[in-house]
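# Secondary and tertiary structure notes
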Amino acid sequence: MVTPQLAVEETQTRTAGWAVLGPGGIARRFLAGLSSSAGEVVAVGSSDAGRARAFADDAQQRGAADVTAGAYAEALADPRVEAVYVSSVHTAHAELALAAIDAGKAVLCEKPLAVNHGTAMALVDAARQAGVPLVEAYMYRFHPQTRRFLELIREGAIGRILHIDASFAFRVGERHGRLFDPSVAGGGILDVGGYPVTMAAAIVDAADGVHASEPVELTAGGVLGPTGVDEWTVARATYRSGITATLTTGVMAPAANTVTVLGERGSIRIADPWVPAGDTEIELATVDGVRTIPIQAADAYGLEADATVTALREGRQDAEEMTAAETLATARTLDRWRAAIGLRYAFEAEDADIPPVRGTSPASSPAMRYGEIPGVGKRVARLVMGVDNQPDLAHASAIFDVYAEQGGNVFDTAYIYGDGELEKRLGRWMANRGMREEVVVIAKGGHTPDCDPESVSRQLRESLERLGTEYADIYMLHRDNPEVPVGEFVDVLDEHARAGRIRVFGGSNWTPERIDEANAYAEANGRRGFAVVSDHFGLAEAYDVPWEGCVQVTDAASRRWLEERRIPLLPWSSQARGFFAGRARRDDLSDAELVRCYYSDDNFERLRRAELLGADRGVPTTAIALAYVLAQPFPTFPLFGPRTIEETRSSMRGLTVDLTPEEVAWLNLRS
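Residues numbered from 1 in each chain as written. Predicted model: local features only at pLDDT ≥ 70, side-chain atom pairs only at ≥ 80, totals over all residues. Heavy atoms only, no water.

Take the pattern of salt bridges next. Counted by the stated rule, this structure contains 46 salt bridges. In this structure, Arg128 engages Asp318 in a salt bridge whose closest nitrogen and oxygen atoms are separated by 3.0 Å. Taken together, the residues Arg128 in helix α6 (residues 117–130) and Asp318 in the loop between α9 (300–313) and α10 (324–340) connect sequence positions 190 residues apart. By relative accessible area, Arg128 is classed as partly exposed at 28%. Overall, the relative accessible area of 23% leaves Asp318 in the partly exposed class. Residues joined by salt bridges that share partners form a network here, namely Lys378, Arg436, Asp473 and Arg503. (Salt bridge = Lys/Arg side-chain N within 4 Å of Asp/Glu carboxyl O. Helix = DSSP H or I, 4+ residues; strand = E, 2+ residues; numbered from the N terminus. Buried < 20%, exposed > 50% of the residue type's maximum accessible area, 1.4 Å probe, protein only.)

Put into structure tokens, the structure is as follows:
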């Protein structure tokens, strides 16, 4: 009889079957490393049958038995495969990693996981949804040298950390091959720049007791070569605690390729940090002298393979040596580094046709809830995507795709957001997906100081051009200007509505009194009236507003007005700008805006109750705050502005929560 403990040990030690997708040079290093691991190659996939067969023969010469060779799909279909190593060119990582994820395999993907943060987010999200590990193959992170190095930082061996100097650069000679080809994301930053970035972040994590650190400031200089890729660049980064770093990479100039950390009591240096071979050592220099710390030889490729399989067998979706959070932080940092030197590849440009990472058309999901706004003529998702936190088209596409796949179809943007770039980004995404008529576009214009009828007309036309559409489903004045008679605003909006440029209109940051005045004028003069309002509303009562000219309707009198008028409310900051997301603590006064707008005994009690109810329902506190807005006795379509796919999914969980009238009253301290 086999005991449960023996069964677990057998599961953890049995040989793991690996498929290699992309049998190039680094894949052969991985193959050699597998000899020191509990895994072996059983399948090889390639777009070139000859290369696949040659790699399979090489694996068999190293002791592997019965290695199949063929197309990528054939390798993934092999039932012996538990884990997949992706080692193709950068631009093929996403497609191959996703295919492996969809096949239910653990994935170890060569760096970078994806060319940009948007695509990396989509891959991590796919792995999370599938419940399989996705590990980025920075193999040095798995080596005992790196582990001991970070332990020295955590132990305070050189006191408080001040500065990091990390480099990985080389000269390849002639400008040819993938490193100089922008169509496959060539250049130094994406090929090896991630090494100093991930090392610096790991050092900051160890020093500050945090995880997945990113620079709060990053500047860079560099050289773009004649083929359009980065050939040499140096970034200077500052982290939240004040630690600074100099990060160097390149493919046309060699560097020392070392890591040195300076602290108040000394320094730590690794002479061979990235591809340690044989026995190595760490140099520790302090006020007490210099000593070397020996590190025994280990194969980092074999270690990363074992860590990936262990995560799979233990039901984890991360390898602790290189987590998904670190991968995403790295992708954001590499995006910023490239942006700092003006490098963007043509296939990710703002006018590019960026396809969905998952390769499927957005489809409705029963998870979404819908309402009706008279005059729009389309069903309207109850949760509205804010188009104001997406730094580039790839990032926007990844988030918009997930929202649309969950049934979301309403997007809120404005003339001033990103100096017009956000409207263009939304327009490009709609064009790429061919779904303008399925989308409800909310556009806004007339922001202070250009808040007058003439400016509104000019901005509306320009917004429509940026969005690539002939009409806005909903158009709102972004601010009010009490110096302009309300009838003049009604007249100009009515004119555009009758011309077909607007379906319905309303006011963002307009007071209830001013809305009433506008609608009284419209009724008396045969005009269309304000059909929607977008003011600040949520569970937390607002005592001030974050921006000048904003209007909140969280007070009791405004709530009564909303119930009486039943005008659809599109509330912004319904989650109180992070008050319900863990940012608010009574003893933390660091965020002056949060303190000014929301800190009070009553709001902290609302937060406590939302936390209790969230724990009871098994959802985040933010989901309770959103559910509260959705459960009001007047029509609400709350806006949310996620910065990541993870935030998108977290917020959307509020759609799964139904609150009773008693719970709504209890959350708002009415019982």
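Another point: the pairing of strand β21 (residues 502–508). The buried count for β21 comes to six of seven residues, which makes it a mostly enclosed element. By the bridge criterion, five bridges tie strand β20 (residues 472–477) to β21 in an arrangement that is parallel. Pairing of Ile474 across the sheet is with Val504, part of β21. Following the backbone out of β20, through helix α14 (residues 486–498) and into the adjacent parallel β21, one traces a crossover that is right-handed. One ladder, built from three bridges, connects β21 with strand β22 (residues 532–534); its direction is parallel. For Gly507, the partnering residue across the bridge sits in β22 and is Val533. With helix α15 (residues 512–525) bridging β21 and the parallel β22, this β-α-β connection has right-handed handedness. (Pairing = 2+ DSSP bridges. Right-handed = clockwise from strand over helix to strand, strands pointing away.)

Next up on the list: helix α19 (residues 601–617). Taking 1.5 Å per residue, 17 residues should reach 24 Å; α19 reaches 24 Å between its end C-alpha atoms and fits that length. Turning to α19, the residues buried within the fold contact α17 (579–583), α18 (592–598), α20 (621–630) and α22 (661–667). (Expected span 1.5 Å × (residues − 1). Contact = heavy atoms within 4.5 Å.)

A word on the sheet that holds strand β5 (residues 106–110). Pairing between the strands of a sheet comes from backbone hydrogen bonds, and it takes one of two forms, parallel or antiparallel. If you trace the six strands from one edge of the open sheet to the other, you get β3-β2-β1-β4-β5-β6, paired in parallel fashion. Two strands bound the open sheet, and with one partner strand each, they are β3 (68–70) and β6 (134–137). Each strand axis lies, on average, 25° off the axis of its neighbour in the sheet, ignoring direction. In this fold helix α3 (residues 49–61) packs onto β1 (16–21), β2 (39–45) and β3, with an angle of close to 165° to the strand it touches most, β3. (Axes fitted to C-alpha atoms, helices over the stretch in contact; angles between N-to-C directions.)

It is worth spelling out the side chain of Arg436 at this point. Inspection of the secondary structure puts Arg436 in the loop between α12 (421–433) and β19 (440–445). Reaching out from Arg436, the side chain makes a polar contact with the side chain of Thr469 at a distance of 2.8 Å. (Polar contact = N/O pair within 3.5 Å; in protein donor to acceptor, adjacent residues only side chain to side chain.)

Moving on to the sheet that holds strand β17 (residues 384–386). Judged by pairing direction, the sheet is parallel, and its seven strands sit side by side in the order β22-β21-β20-β19-β18-β17-β23 without closing on themselves. Looking at which strands have only one partner, the edges of the open sheet turn out to be β22 and β23 (639–640). Relative to β23, β17 is paired through two bridges, and the arrangement is parallel. Residue pairing for β23: Val384 is matched across the bridge by Leu639.

It is worth spelling out the side chain of Ser508 at this point. With respect to the helices and strands, the residue Ser508 is situated in strand β21. Reaching out from Ser508, the side chain makes a polar contact with the backbone oxygen of Ser534 at a distance of 3.2 Å. Residue contacts for Ser508: discarding those within four places in its chain leaves Lys444, Met476, Leu477, His478, Arg479, Ser534 and Asp535.

Glancing now at the packing of helix α5 (residues 93–102) against α6. Across the interface, α5 lies against α6 with an axial gap of 10 Å and an inter-helix angle of 10°. One element, α5, and the other, α6, form an angle in the roughly parallel class. Along its contact with α5, which presents Ala94, Leu98 and Ile101, the element α6 presents Thr119, Leu123, Ala126, Ala127 and Ala130. Here the contact of α5 with α6 is built from residues that sort into seven nonpolar, one polar and no charged. (Parallel < 35°, antiparallel > 145°, perpendicular 65-115°, else oblique. Nonpolar A, V, L, I, M, F, W, Y, C, P; charged D, E, K, R; others polar.)

Now for unusual backbone geometry. Of note, the amide linkage connecting Lys111 to Pro112 takes the cis form, showing an omega dihedral of -10°. Inspection of the secondary structure assignment puts Pro112 in the loop between β5 and α6. Look at the link from Thr448 to Pro449: it is a cis peptide, with omega at 5°. The topology assignment puts Pro449 in the loop between β19 and α13 (453–467). Within the chain, Ala185 stands out as a residue other than glycine whose phi angle is a positive 60°. Positionally, Ala185 belongs in the loop between β7 (161–169) and α8 (188–208). Look at Asp419: it is not a glycine, yet its phi comes out positive at around 55°. Relative to the helices and strands, Asp419 resides in the loop between β18 (410–412) and α12. On the basis of relative accessibility, which here comes to 72%, the residue Asp419 falls in the exposed class.

Two cysteines form a disulfide when their sulfur atoms are joined by a covalent bond. Taken as a whole and judged by the stated rule, the model has zero disulfides. Residue Cys550 stays outside any disulfide, its sulfur separated by 8.9 Å from that of Cys597, the closest cysteine. On the basis of relative accessibility, which here comes to 12%, the residue Cys550 falls in the buried class. (Disulfide = S-S within 2.5 Å.)

So, on to the environment of Gly228. When you line up the elements, Gly228 lands in the loop between β8 (217–224) and β9 (230–238). According to the relative accessible area criterion, Gly228 is partly exposed, its value standing at 32%.

Another aspect to go through is α15. Helix length check: α15 (14 residues) gives 20 Å between terminal C-alpha atoms against 20 Å at 1.5 Å per residue, within 8%. Within α15, the full set of buried residues consists of Pro512, Arg514, Ile515, Ala518 and Ala522. Buried positions in α15, seen along its axis, are confined to an arc of 165° and lie on one side of it. Along α15, exposed side chains directed more than 90 degrees from the buried face belong to Glu513, Glu523 and Ala524. In the segment just after α15, Gly526 is the residue with positive phi, at about 65°. (Arc of directions from axis to C-beta.)

Looking now at the environment of Gln129. Topologically, Gln129 is positioned in helix α6. Overall, Gln129 belongs to the exposed group, its relative accessible area being 51%. Taking the C-alpha atoms as reference, Gln129 lies 9.8 Å from Asp102; in sequence the two are 27 residues apart.

As a further point, take the packing of α14 against α15. Orientation of α14 relative to α15, taken along the N-to-C sense of each, is 60°, at an axis distance of 9 Å. The angle between the axes of α14 and α15 places the two elements in the oblique class. Here the hand of the crossing between α14 and α15 comes out right-handed. For the pair formed by α14 and α15, the contact residues are Val486, Gly487, Phe489, Val490 and Asp491 on the first element and Arg514, Glu517, Ala518, Tyr521 and Ala522 on the second. Looking at the contact of α14 with α15 residue by residue, the classes come out as six nonpolar, one polar and three charged. (Left-handed = near helix turned anticlockwise from the far one by under 90°.)

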